[in-house]
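Each chain, letter by letter, is given below.
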Amino acid sequence: MLRVGLGRDVHRLVRGRRLILGGVCVDEDRGCVAHSDGDCLAHALMDALLGAAALPNVGVLFPNTDEANRGRNSLEMMEEVVQIVLGSGLRVANVDAVIQLETPILQPFMEPMRKNLSRALSLDGGRIGLKATTAEGLGPVGAGEAVEVCGICLLEARG
Ligand code: MG
């Protein structure tokens with residue numbers, strides 16, 4: 001049995017916050033407005049995992065009305081999501097994501113991100129696709145006002 005899942009997340013960027021993606025701080029000065037740590041990459045991938053398992057999304061599992069989730073490390077939430085997926089008789093086969101961000105260039109951060117995701121997902125780094133692209137100056141991402149991530153995953157039945 002194979003199950004595919006899709007996730008998408010967008011966060012507004014403001015000065016005076018750190019931008020965390022895949023558990024890595026990629027910008028000290030301009031980051032996400034969010035209740036948790038605002039890790040847009042982790043959020044999109046969690047929604048992909050939950051979608052593939054036909055489970056409620058990340059906003060339902062970890063509501064922004066819950067004080068326990070304030071500033072929370074999203075990779076910790078991802079570990080919980082993986083446990084929920086495993087509990088549904090499924091396991092992660094691979095994930096892939098596209099990060100859209102105007103600046104900074106994310107290439108130097110890709111390997112640390114992959115390492116963090118590998119740990120949180122209990123998944124070999126060779127099964128984690130990560131790409132980054134700009135919006136070529138178009139729209140809110142292009143204006144540097146937002147970060148957007150699309151994630152996809154494949155789940156398979158546990159052997
Ligand atoms: Mg989010």
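Here is a short report on the structure shown in this document. (Residues numbered from 1 in each chain as written. Predicted model: local features only at pLDDT ≥ 70, side-chain atom pairs only at ≥ 80, totals over all residues. Heavy atoms only, no water.)

Observations concerning the sheet that holds strand β5 (residues 90-100)
Read from one edge of the open sheet, five strands run β4-β1-β7-β5-β6, paired in mixed fashion. Of all the strands in the sheet, the pair left with one neighbour each is β4 (30-32) and β6 (128-133). Neighbour-to-neighbour, the strand axes of this sheet turn through a mean angle of 25 degrees, independent of strand direction. Across eleven bridges, strand β1 (residues 2-15) lies against strand β7 (residues 146-157) in antiparallel orientation. Each bridged residue has a counterpart across the sheet, and for L2 the counterpart in β7 is E156. Its contacts with the sheet put helix α1 (residues 40-52) on β1, β5, β6 and β7, and the angle it makes with β1 is roughly 155 degrees. Contacts from helix α4 (residues 110-121) reach β5 and β6, with the element oriented near 140 degrees to β6. (Pairing = 2+ DSSP bridges. Helix = DSSP H or I, 4+ residues; strand = E, 2+ residues; numbered from the N terminus. Axes fitted to C-alpha atoms, helices over the stretch in contact; angles between N-to-C directions. Contact = heavy atoms within 4.5 Å.)

Overview of the packing of helix α3 (residues 74-87) against α4
One can describe the packing of α3 onto α4 by two numbers: an axis separation of 8 Å at closest approach and a directional angle of 40 degrees. The angle between α3 and α4 falls in the class oblique. Of the residues in α4, those in contact with L75, M78, E79 and V82 of α3 are N116, L117, A120 and L121. Of the residues belonging to the contact of α3 with α4, the class tally is six nonpolar, one polar and one charged. (Parallel < 35°, antiparallel > 145°, perpendicular 65-115°, else oblique. Nonpolar A, V, L, I, M, F, W, Y, C, P; charged D, E, K, R; others polar.)

The analysis is restricted to geometry; functional conclusions fall outside its scope.
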